[in-house]
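So you can see what is in the structure, the chains are spelled out below.
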Amino acid sequence: MRRAILTSQRLLAVFLTGMLLLFSPIVSLFDRPLFWLGIPMIYLYLFSVWAILIAAMALIISSSQK
Amino acid sequence: MLGGPLIVVTSFLYLGLLFAIAYWADRRADQGRSVIAHPTVYALSLAVYCTAWTYYGSVGRAVQSGIGFLPIYLGPTLGAALWVFLLLKMIRVSKSQRITSIADFISSRHGKSHLLGGLVTVIAVVGVVPYIALQLKAVSNSFTILMHYPDITMPGSATALPIWQDTALYVALLLALFTILFGTRHLDASERHEGLVAAIAFESIVKLVALTAVGLFVTFGLYGGFADIMQQAQEAGLLQSMMNATSVSDQNWFTFSFLAAMAVILLPRQFQVAVVENSSERHISRAVWLFPLYLLLINIFVLPIALAGQLAFPDGRVDADTFVLTLPIAHGQEWLAMFSYLGGLSAATGMVIVETIALSTMVCNDLVMPVLLRHWRTRSVPADLTAVLLRVRRGAIFGILLLGYTYFHVAGEAYALVSIGLISFAAVAQFAPTMIGGLYWRGGTEAGALAGLGAGFTIWLYTLLLPSFAKSGWLPMTFLDSGPFGINLLAPQALFGLQGMNEISHTLFWSLTANIGAYLTVSLLRPPNAEETAQASLFVDAMKYDRPAIGLWRGNAEVTELKRLASRFLGRDKVDTAFAEFSRNRGTGYNPAQPADAETVHFAETLLTGAIGSASARVMVASVAQEEPLGLEEVMGILDEASRIRAYSKELEQKSRELEAATAELREANTRLQELDQLKDDFMSSVTHELRTPLTSIRAFSEMLLDDPRIKLDDRKRFLGIIVGETERLTRLVNQVLDLARIESGRGEWTTGEVDLAQLIRQSIETTGQLFRDKGTEVETRIPEGDFRVWADRDRLLQVMLNLLSNAVKFVPAGSGRIIITLSGGDEDYQVSVADNGPGISAGQQEQIFEKFQRGDGDNLANPMGTGLGLPISRQIIEHFGGHLWVESPPGKGAIFSFRMPKGSAKLPASETGSSDEPAYIDRG
């Protein structure tokens, strides 16, 4: 039970991190007419954050099931 | 070569395949080997979220606003992180009360109100109809485009065609038929459709693979990868919208994310797959990351396709919403185009089927049932209501799809796909305050929920739905521009003069403000009544209760009556099985003659809730049970009691755990005591045995002297000598027993100080010198120069030394004995060894000789040479000063007794005063 509470709090932390990275002025830092690896910076940034959030959630879930 | 017949046949084959999968999954479920009881299938079924809107519409949106298509998927990703709280609670509440729809959820939460369930149903139907229209539009458009392969022609305006030539109509009718076959073949008390879920999960795979195939073809077949396509788009000036540094910062970014995060659990079809069809709470945890991953994968190629489409059709003649299909057509990839069409078909059919089933359940339970119940109050009720329910649902499915078609026909042309979807999202967002708020706030009442939903829905209608009609020409455009009757303040898309927002954000702000405001205000006007309080407690405390709070019912009912009632809606067999299982779980058989208790009535009501909704179930059960309404005071009392009992039982558990721990400790202490007792007994019997031997010989010789006065003087002297020797031995034994007892009990008296080991050894040799000479033993010392001071009791340490030396003497052969005493220093301690050339000690005896009354000289009891306490005492002394005493005996080389003492320091208390006893006589054994 304690383990489940820890997992849900970790997921809450992911949620807050996601809010910060996607819906705060931090986004505007990457919202610039620049290219990274030939791909618009903002596009690459959003997909990277997205992938990292998913990986973090998967990691938290899998560690809770051990 | 593609053509109408081939496309039609393929579509039917695809639908047939879906049906086969559903049939197979249903069969497996009946055999108890469910295919959908798997977390991955659950996550895939949630992907019914991705409809034709995602499939075709995202590309259109990307063309319009660059990365503007992403919030629809980023919102649910973040929302998923909270599912372990929110979705879990919704599932637990719904399972425990057999809630099968959103309408039932909201109505049940606010006191099982028919009115509320009806309102939610109306909102859901009206709100979702545009969304269904969107799917019809997508399917019929994609069909028409594919028909004209290899030409690319945009479908003309549907309104221009006579209605019987409109593909969308046939699509709607076909889907209605298909949905009926899927969803309403039989009536299930829990509204679960295993086959349906399996088919939906399969469709999720098809649409993902199809869109990815098109994406791969475009990105790597037509262009040289992501960077290449971006480069060419940049040169053509297509990335302007993404490069203007404000693409994210406009307000829609957050609004759309929020809307999507709400919609992913509040849309009727999402509620159906996420909550109603959920087979295990544990599946949520996989869905938390797998579902967002699915969303990520299906979006990777959206932007490349959008850019490639614009590069391929620069004149804007081709609708961006069709790029997924028209790009393969333009490049002559007929099979890819066909596959792409099937992907779109699967996205659309999945959505339509689940959505209409969910809506039909609501329409049946919350709109039609209340009317029927009223109708039956005056007329006789049909015996078998199962068929009636099924007919109602089938009718509802047809009705909803025809409504969708009508909307498509009326307003569908004015909007791009994404805008239509957002209209629906804004409608279902109206459920958030009552649904999510109601899960955590006890104060919400029926009136509050009605007011909130009513206000929010009205504003949605006025600011979003009516304008969509106006844009289609059904209402004058002046209505949009300058408000009704020229009142500018009431202009639908700039309500109260609020301008500068896009229409969705505008609607969302006003409708949610009104919704939450009315819900809170009206709820707070008066306290919740008994029924509302009871239901609020079931929802808010769902994670605390293990099972629904029964006991909130009082009255008279017959079990047979309840069963007859349930059978009408569910069929006799199902009800019999359910009741049998219920009484088995309770561990009691039921007696039909007995009146039903509260738990049974509750069970019957829950069973009915699954079939006809909570409000109707309440009414039906009340019709066969003479219910005595509970007052608010009583409900509060029962709830208080429940929470008090919970607290007590927690306390009890705690106490019993403590008791168990204490018992275990006591048991351990007892075992230890018994061991000690046993040791003491052994010791006592050894001591008495040792005492008896000298006493026996003293007595024997004394009696001889007493009985026979004629004994010669020499003999007398000899006898008396023996008696004196034995007495000495007795004294020694008693002294040593006392000594040992004192040391062991920690009451020994110690005089500690610095002791020079070298000097100690020399002194001990002097003391025992006579012994060595008597036996002709050679003594050799190996003492290096230096400082060998330790912290110890000098007399006690001497006692140890004397004991070791006298032992050694005892065992060396007479005349040729040789004893070597070695002193050496280590880093932290000094070591003293006494080596002899006696017979040695066998490996088995090396530890034994340190035990009490164990002698190194075997069982020579007739003439024992020692008391058997010398070595145990020596070991105790050395260990007292932090040292260690042990023996080594290499075979044939005699014995080496050694001890180590830590180097001298003043760590020990300097003056443990007290007189040392007269040094005991010490010997080995």
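Details of the structure are given in the entry above.
Cut-offs and rules
Residues numbered from 1 in each chain as written. Chains lettered and ligands numbered in written order. Predicted model: local features only at pLDDT ≥ 70, side-chain atom pairs only at ≥ 80, totals over all residues. Heavy atoms only, no water. Helix = DSSP H or I, 4+ residues; strand = E, 2+ residues; numbered from the N terminus. Buried < 20%, exposed > 50% of the residue type's maximum accessible area, 1.4 Å probe, protein only. Contact = heavy atoms within 4.5 Å. Areas by Shrake-Rupley, 256 points an atom, 1.4 Å probe, with all protein chains shown as cover. Pairing = 2+ DSSP bridges. Axes fitted to C-alpha atoms, helices over the stretch in contact; angles between N-to-C directions. 1 Å grid on protein atoms, 1.4 Å probe; cavity = no way out; pocket = protein on both sides within 12 Å on 5 of 7 lines; lining within 4 Å. Points joined across faces, edges and corners; volume = space filled by probe spheres on them. Nonpolar A, V, L, I, M, F, W, Y, C, P; charged D, E, K, R; others polar. Salt bridge = Lys/Arg side-chain N within 4 Å of Asp/Glu carboxyl O. Patch = residues over 30% accessible without salt bridge, like charges linked within 9 Å, V, L, I, M, F, W, Y side chains within 5 Å. Parallel < 35°, antiparallel > 145°, perpendicular 65-115°, else oblique. Left-handed = near helix turned anticlockwise from the far one by under 90°. Phe/Tyr/Trp six-rings, centres within 6.5 Å; stacked < 30°, edge-to-face > 60°. Lys NZ or Arg CZ within 6 Å of the ring centre and 35° of its normal. Core = buried A, V, L, I, M, F, W, Y, C linked by side-chain atoms within 4.5 Å. Domains from an automatic or database assignment. Buried area = accessible area lost by both parts, 1.4 Å probe. Polar contact = N/O pair within 3.5 Å; in protein donor to acceptor, adjacent residues only side chain to side chain.

Peer 1: Quick question: what am I supposed to make of the overall build of chain A here?
Peer 2: Helix and strand counts for chain A come out as three helices and two strands. When the elements of chain A are put in sequence order from the N terminus, they spell out α-α-β-β-α. Counting only residues that meet the buried cut, chain A has 39% of its 66 residues in that class. For chain A, long-range pairs separated by at least 24 residues make up 54% of all intrachain contacts whose partners lie at least 6 apart in sequence. Summed over all atoms, the accessible surface of chain A reaches about 3,700 Å², with 73% contributed by carbon and sulfur.

Peer 1: Looking at this structure, how should I read the overall build of chain B?
Peer 2: Regarding its fold elements, chain B presents 34 helices and nine strands. The proportion of buried residues among the 925 residues of chain B is 54%. Sequence separation of at least 24 residues holds for 81% of the intrachain contacts in chain B that already meet a minimum separation of 6. Looking at chain B as shown, the accessible area adds up to about 39,500 Å², and 58% of this sits on carbon and sulfur atoms.

Peer 1: In this structure, what is going on with the sheet that holds strand S7 (residues 829-836) of chain B? I would like to understand it.
Peer 2: As a general point, the strands of a sheet are linked pairwise by backbone hydrogen bonds and lie either parallel or antiparallel. All names here are of chain B. Strand order in the open sheet made by the five strands is S4-S6-S7-S9-S8, with mixed pairing throughout. Each edge of the sheet is formed by a strand with only one pairing partner; in this case those strands are strand S4 (778-782) and strand S8 (884-888). The sheet shows a mean angle of 15° between the axes of neighbouring strands, direction not considered. Pairing geometry for strand S6 (residues 818-825) and S7, over seven bridges, is antiparallel.

Peer 1: How do you make sense of empty space enclosed by the protein when you look at a structure like this?
Peer 2: It is the rolling of a water-molecule-sized probe over the atoms that shows where space remains empty. Scanning all chains against the criterion turns up three cavities of 30 Å³ or more. Within this model, the second largest cavity holds a volume of roughly 40 Å³. Residue composition of the lining of the second largest cavity, by class: four nonpolar, four polar and one charged.

Peer 1: I tried to follow unusual backbone geometry on my own but got confused; where do I start?
Peer 2: Comment: phi is negative for the bulk of residues other than glycine, and the bulk of peptide bonds are trans. Residues and elements named next belong to chain B. Within the chain, Arg98 stands out as a residue other than glycine whose phi angle is a positive 55°. You can see Arg98 is positioned in the loop between helix H5 (86-97) and helix H6 (102-109). The class of Arg98 is partly exposed, set by a relative accessible area of 28%. Its identity is not glycine, yet Lys112 carries a phi of approximately 50°, on the positive side. Along the polypeptide, Lys112 turns up in the loop between H6 and helix H7 (114-147). Overall, the relative accessible area of 14% leaves Lys112 in the buried class.

Peer 1: Explanation requested: the pattern of salt bridges in the structure shown.
Peer 2: Side-chain pairs of opposite charge can arise whenever the charged atoms involved come near each other. Residues and elements named next belong to chain B. In total, this model carries 17 salt bridges over all chains according to the counting rule given. Residue Lys112 is joined to Glu605 by a salt bridge in which the shortest nitrogen-to-oxygen separation is 2.6 Å. In this pair, Lys112 is assigned in the loop between H6 and H7 and Glu605 in helix H27 (residues 598-612), connecting sequence segments 493 residues apart. The class for Glu605 is buried, based on a relative accessible area of 6%. Of the charged contacts in the structure, one is a salt bridge between Arg526 and Glu532, with a shortest N-O distance of 3.6 Å. Residue classification places Glu532 among the buried positions, given a relative accessible area of 2%.

Peer 1: I keep staring at a nonpolar patch on the surface and nothing clicks. Help me out?
Peer 2: Residues and elements named next belong to chain B. Together, Tyr170, Leu173, Leu177, Leu181, Phe398 and Leu402 make up an exposed nonpolar region whose accessible area comes to about 510 Å². Secondary structure elements with two or more residues in the nonpolar patch: helix H8 (167-183) and helix H18 (386-411). Of all the elements, H8 adds the most residues to the nonpolar patch, at four residues. With respect to the secondary-structure elements, Tyr170 resides in helix H8. By relative accessible area, Tyr170 is classed as partly exposed at 44%.

Peer 1: Teacher, can you tell me more about the packing of H27 of chain B against helix H28 (residues 614-624) of chain B here?
Peer 2: Relative placement of two packed helices is described by the angle separating their axes and the distance separating the axes. Residue and element names in this part refer to chain B. Viewed as axis vectors pointing N to C, H27 and H28 meet at an angle of 135°, and their least axial separation amounts to 8 Å. Of the possible angle classes, the one that applies to H27 and H28 is oblique. Every pair of crossing elements has a handedness; the one defined by H27 and H28 is right-handed. Contacts between H27 and H28 involve Val601, Glu605, Leu608, Thr609 and Ile612 from the first element and Ser614, Ser616, Ala617, Arg618, Met620 and Val621 from the second. A per-class count over the contact of H27 with H28 returns six nonpolar, three polar and two charged.

Peer 1: Quick question: what am I supposed to make of the packing of aromatic side chains here?
Peer 2: Geometrically, a pair of aromatic rings is defined through the distance of the ring centres and the angle of the planes. Residues and elements named next belong to chain B. If you walk through the whole model with that rule in mind, you get 27 aromatic pairs over all chains. Summarising the aromatic geometry, the rings of Trp441 and Tyr519 are spaced 5.7 Å apart at their centres and angled 80° between planes, so their arrangement reads as edge-to-face. A residue pair is termed long-range when its members are at least 10 positions apart, and Trp441 in the loop between helix H20 (431-440) and helix H21 (446-471) and Tyr519 in helix H23 (residues 503-525) qualify at 78 residues. Joined through ring pairs, the aromatic side chains of Tyr49, Trp53, Tyr73, Trp83, Tyr131, Phe291 and Phe425 make up one cluster. Positioned above the aromatic ring of Tyr440 is the side chain of Lys89, whose terminal nitrogen or guanidinium carbon lies 4.2 Å from the ring centre.

Peer 1: I'm lost on the packing of helix H3 (residues 41-64) of chain A against helix H4 (residues 71-80) of chain B in this one. Help?
Peer 2: Two elements in contact, H3 of chain A and H4 of chain B, have axes whose closest approach is 11 Å; the angle formed by their N-to-C orientations is 25°. Relative to H4 of chain B, the element H3 of chain A is oriented roughly parallel. Remark: the crossing between H3 of chain A and H4 of chain B carries left-handed chirality. When H3 of chain A is examined against H4 of chain B, the residues Trp50, Leu53, Ile54 and Met57 of chain A are found in contact with a partner set consisting of Tyr73, Leu74, Thr77 and Leu78 of chain B. Of the residues belonging to the contact of H3 of chain A with H4 of chain B, the class tally is seven nonpolar, one polar and no charged.

Peer 1: So what exactly am I meant to see when it comes to the nonpolar core here?
Peer 2: Where a protein is soluble and globular, its nonpolar side chains tend to be buried together. Residues and elements named next belong to chain B. Counting 199 residues, the largest nonpolar core has Tyr49, Trp83, Ile305, Phe425 and Phe431 as its most contacted members. Both domains that furnish three or more residues to this core are identified here as domain 1 (4-411) and domain 2 (430-548). Residues within four places of Phe425 in sequence aside, it is in contact with Tyr49, Trp53, Ile72, Tyr131, Leu259, Ala260, Ala263 and Leu267.

Peer 1: Help me out: how do you make sense of the interface of chain A and chain B in this one?
Peer 2: Quoted interface sizes are often the accessible area lost when the parts come together. Facing the 30 residues of chain A at the interface are 36 residues of chain B. Summing the contributions of chain A and of chain B, the shared interface buries around 3,000 Å²; its carbon and sulfur component is 84%. Three residues, Phe23, Tyr43 and Trp50 of chain A, lead the burial of chain A against chain B; their summed loss comes to 23% of the area buried on that side. Where chain A meets chain B, there are three residue pairs in polar contact (both at pLDDT 80 or more). Of all the secondary-structure elements, those providing two or more residues to the side of chain A that touches chain B are helix H1 (2-23), strand S2 (39-40) and H3 of chain A. Of the residues forming the side of chain A that touches chain B, the biggest block, 11 residues, is contributed by H3 of chain A. Here the residues of the side of chain A that touches chain B sort into 24 nonpolar, four polar and two charged.

Peer 1: Would you mind going over the environment of Ala396 of chain B with me for this structure?
Peer 2: All names here are of chain B. Within the element layout of this structure, Ala396 appears in helix H18. On the accessibility criterion, Ala396 (10% relative accessible area) is buried. With residues near it in sequence (within four places) discarded, Ala396 still touches Ser360 and Val363.

Peer 1: Explanation requested: the environment of Val392 of chain B in the structure shown.
Peer 2: All names here are of chain B. If you trace the backbone, Val392 turns up in helix H18. The buried category is assigned to Val392, whose relative accessible area is 17%. As a C-alpha pair, Val392 and Cys364 span 28 residues in sequence and 6.0 Å in three-dimensional space.

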